[in-house]
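Close look at the chain arrangement
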Amino acid sequence: MPKLKTKSGAKKRFKLTGTGKIKRKHAFKSHILTKKETKQKRNLTQTGLVDKSDEKSVKQQLRLK
């Protein structure tokens, strides 16, 4: 049986933390920033974690477990 390939889009968007959680970036920070408040833009810069309900599908795309 051939090796399973990871989804290249998921490979670029997600990273695994040391404890096994999945790190992600926030959306809505790429363009049209003039109408967004400074506080909102600053908070979107920080990384977040993938929600528990989505972890299974993201791990499947990354071919983990």
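Attention here is on the structure that accompanies the text. As the structure is a prediction and not an experimental result, all values here were calculated from the model.

Observations regarding the sheet that holds strand 1 (residues 15-16)
- Across the sheet, which stays open at both edges, the 3 strands sit in the order 1-2-3 with antiparallel pairing between neighbours. Pairing within the sheet leaves two strands with one partner each, and these edge strands are strand 1 and strand 3 (47-49).
- With 2 bridges connecting them, strand 1 and strand 2 (residues 22-25) associate as antiparallel partners. Residue Lys-15 lies in a different strand from strand 2, and its bridge partner there is Lys-23.

Points about the pairing of strand 2
- Linkage of strand 1 to strand 2, two consecutive antiparallel strands, is achieved through a turn of 5 residues, within which Gly-20 is found at a positive phi near 95 degrees.
- Alignment of strand 2 against strand 3, held across 3 bridges, turns out to be antiparallel. By the bridge assignment, Lys-25 is partnered in strand 3 with Thr-47.

With respect to the nonpolar core
- By size, the foremost hydrophobic cluster in this structure holds 6 residues: Ala-10, Phe-14, Ile-22, Val-50, Val-58 and Leu-62.
- Every residue in contact with Val-50, bar those within four places of it in the chain, is listed here: Phe-14, Ile-22, Arg-24, Glu-55 and Val-58.

What counts and how
Residues numbered from 1 in each chain as written. Predicted model: local features only at pLDDT ≥ 70, side-chain atom pairs only at ≥ 80, totals over all residues. Heavy atoms only, no water. Pairing = 2+ DSSP bridges. Helix = DSSP H or I, 4+ residues; strand = E, 2+ residues; numbered from the N terminus. Core = buried A, V, L, I, M, F, W, Y, C linked by side-chain atoms within 4.5 Å. Buried < 20%, exposed > 50% of the residue type's maximum accessible area, 1.4 Å probe, protein only. Contact = heavy atoms within 4.5 Å.

Interpretation note: all reported values are geometric properties and have no functional meaning in isolation.
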